[in-house]
Amino acid sequence: MNDVYEKNVSTSAEDASKIVPRAEFRVFGQGILDIVKPAMWKAQAKLFKIRTSGETYFLSKLTNDANVKVRDGLLDIKAKVGETEDGYEIFQPKGKFQFPVKKDDVTVILKNMMVEVSLEKESYTLDEFIAIANEHPDLAAVDVQKKRYGFSIDDTICEYGQICFNGAMLETTCCESEDYTGMKKAIAALEISNFENVNYLKAAKKVIGM
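For clarity, every value in this text was computed on a predicted model and none was experimentally measured. (Residues numbered from 1 in each chain as written. Predicted model: local features only at pLDDT ≥ 70, side-chain atom pairs only at ≥ 80, totals over all residues. Heavy atoms only, no water.)

### Section: the sheet that holds strand S2 (residues 46-60)
Reading around the circumference, S1-S5-S4-S3-S2-S8-S9-S10 is the order of the 8 strands in this closed barrel, with antiparallel pairing throughout. Neighbour-to-neighbour, the strand axes of this sheet turn through a mean angle of 35°, independent of strand direction. One ladder, built from 9 bridges, connects strand S4 (residues 74-83) with strand S5 (residues 89-98); its direction is antiparallel. Paired with Leu75 across the two strands is Phe97, which belongs to S5. Of the strands in this sheet, strand S3 (63-71), S4, S5 and strand S8 (139-153) are in contact with helix H3 (residues 103-112), which crosses S4 at around 40°. (Pairing = 2+ DSSP bridges. Helix = DSSP H or I, 4+ residues; strand = E, 2+ residues; numbered from the N terminus. Axes fitted to C-alpha atoms, helices over the stretch in contact; angles between N-to-C directions. Contact = heavy atoms within 4.5 Å.)

### Notes on a nonpolar patch on the surface
On the surface, Trp41, Leu47 and Ile50 cluster together to form a nonpolar patch covering roughly 320 Å² of accessible area. If you trace the backbone, Leu47 turns up in strand S2. Judged by relative accessible area, Leu47 falls into the partly exposed class, the value being 40%. (Patch = residues over 30% accessible without salt bridge, like charges linked within 9 Å, V, L, I, M, F, W, Y side chains within 5 Å. Areas by Shrake-Rupley, 256 points an atom, 1.4 Å probe, with all protein chains shown as cover. Salt bridge = Lys/Arg side-chain N within 4 Å of Asp/Glu carboxyl O. Buried < 20%, exposed > 50% of the residue type's maximum accessible area, 1.4 Å probe, protein only.)

### Observations regarding the packing of aromatic side chains
Within the structure shown, the criterion is met by 8 aromatic pairs. With a centroid separation of 5.8 Å and 70° between ring planes, the pair formed by Phe25 and Tyr88 is classed as edge-to-face. Taken together, the positions of Phe25 in strand S1 (residues 22-29) and Tyr88 in the loop between S4 and S5 put the pair 63 residues apart, joining distant regions of the chain. Tyr88 gets classed as buried once you look at its relative accessible area, which sits at 5%. Three or more aromatic residues joined by ring pairs form one cluster here, namely Phe28, Tyr57, Phe165 and Tyr200. For the cation-ring pair, Lys146 lies above Tyr200, with the distance from its terminal atom to the ring centre recorded as 4.1 Å. (Phe/Tyr/Trp six-rings, centres within 6.5 Å; stacked < 30°, edge-to-face > 60°. Lys NZ or Arg CZ within 6 Å of the ring centre and 35° of its normal.)

Below is the structure:
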């Protein structure tokens, strides 16, 4: 089972396209952990990692299909490529780029966010990319602080955690896998099947009022 909590490493768009995408089912709210913690132990879950991180997410009013963030100093993008029969979202990695990020890569990222920006430089630093988001009427940069507890149920990757969007705290839990049948069983075991599937972008938008 891949360690989704390992430190990010730079990945080209070409290499990212070779990664098998995982489906994701995530819920946000208050009182989530009161449900999930007892359920995970009843399901004999195996806790394997605790991680805290500070990240910046970039939101577009025009789409929820481009997950763009900065983590571990890299500009990281995943794009939604479909859904399973049960409505689990499938995201394909599109690359993890070191700053300064080349103009061509920034162009592709902004295209995925469905916005057009006139780029005059050949590369962009983190501060310059944040400035693009802050200056564009359809974009926003959001500070995201995470404390996540990773565990597995029958080899399905799961987590629960506390997430702060610009200081507003929500609880979350998630299951993700390439095995949709196993994933469905894990979601049921965590007793969250009846919750709405909400990804980071939708949750952050709700918090900031986008």
